[in-house]
Amino acid sequence: TNGVMARLQFLKQYMLADCFHVIMGLPRGPMGMRCIWIVIFSSKDIKKRMLKFQKDMPISITLP
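Sequence order as written defines the numbering, with residues in each chain counted from 1. A pLDDT threshold of at least 70 governs which residues receive local features in this predicted model, and a stricter bar of 80 or more applies before side-chain atom pairs are shown or counted, although totals over entire chains, interfaces and linings include all residues. Hydrogens and waters are ignored; side-chain quantities use all the structure's heavy atoms.

*Asks:* Residues and numbers for the overall build of the protein chain, please.
*Replies:* Looking only at helices and strands, the protein chain features 2 helices and 3 strands. Listing every helix and strand of the protein chain by position from the N terminus yields α-β-β-α-β. Expressed as a percentage of its 64 residues, the buried residues of the protein chain come to 16%. Residue contacts are defined here by distance: any two heavy atoms, one from each residue, within 4.5 Å place the two residues in contact. Across the protein chain, the fraction of contacts at a sequence separation of at least 24, relative to all contacts at a separation of at least 6, is 47%. Note on areas: Shrake-Rupley, 1.4 Å probe, and residue coverage restricted to the protein chains presented here. Working note: accessible area of the protein chain is about 5400 Å², and carbon and sulfur atoms make up 62% of it. We count a stretch as a helix when DSSP gives it H or I for four or more residues in a row; a strand needs E for two or more, and each element gets its number in order from the N terminus. Three exposure classes are used, based on accessible area relative to the maximum for each residue type with a 1.4 Å probe and protein chains only: buried under 20%, partly exposed in between, and exposed over 50%.

Here it is as structure tokens:
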């Protein structure tokens, strides 16, 4: 959530291509820090096959 600009620029291409998904609400890590998973799919078709959506969203987030 506090990524540097270079990382955000790198991820932006995947967000725009609809190949990006964030999983939030995971248990805290061993050092007490919050955890998220960033999932990058090779295509938006694979993303749609692997995730079930209520509606299409270019940037999607899964919460517990």
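*Asks:* Describe helix α1 (residues 5-16), with residues and values.
*Replies:* A helix is expected to reach a length of 1.5 Å times the quantity of its residues less one. Given a rise of 1.5 Å per residue, 12 residues ought to cover 16 Å, and the 16 Å separating the end C-alpha atoms of α1 matches this to within 8%. Asp 18 lies just past α1 and shows a positive phi near 60°.

*Asks:* Please give an account of unusual backbone geometry that cites residues and values.
*Replies:* Of note in the backbone geometry, Asp 18 takes a positive phi value of approximately 60° without being a glycine. By secondary structure assignment, the location of Asp 18 is in the loop between α1 and β1 (20-23). Classification of Asp 18 by relative accessible area gives buried; the value is 12%.

*Asks:* Before we move on, could you go through the packing of aromatic side chains and cite the residues and values that matter?
*Replies:* Put simply, two rings from Phe, Tyr or Trp (the six-membered ring, in Trp's case) pair if the centres are within 6.5 Å, and we call them stacked under 30 degrees between planes, edge-to-face over 60, tilted for the rest. Per the stated rule, a full pass over the model turns up 1 aromatic pair. Each ring, one from Phe 10 and one from Tyr 14, has its centre 5.4 Å from the other, and the planes form 65°; the classification is edge-to-face. Taken together, the residues span about one helical turn, with Phe 10 and Tyr 14 both in helix α1 at a distance of 4 residues. Given the relative accessible area of 45%, Phe 10 is considered partly exposed.

These figures capture arrangement, not role.
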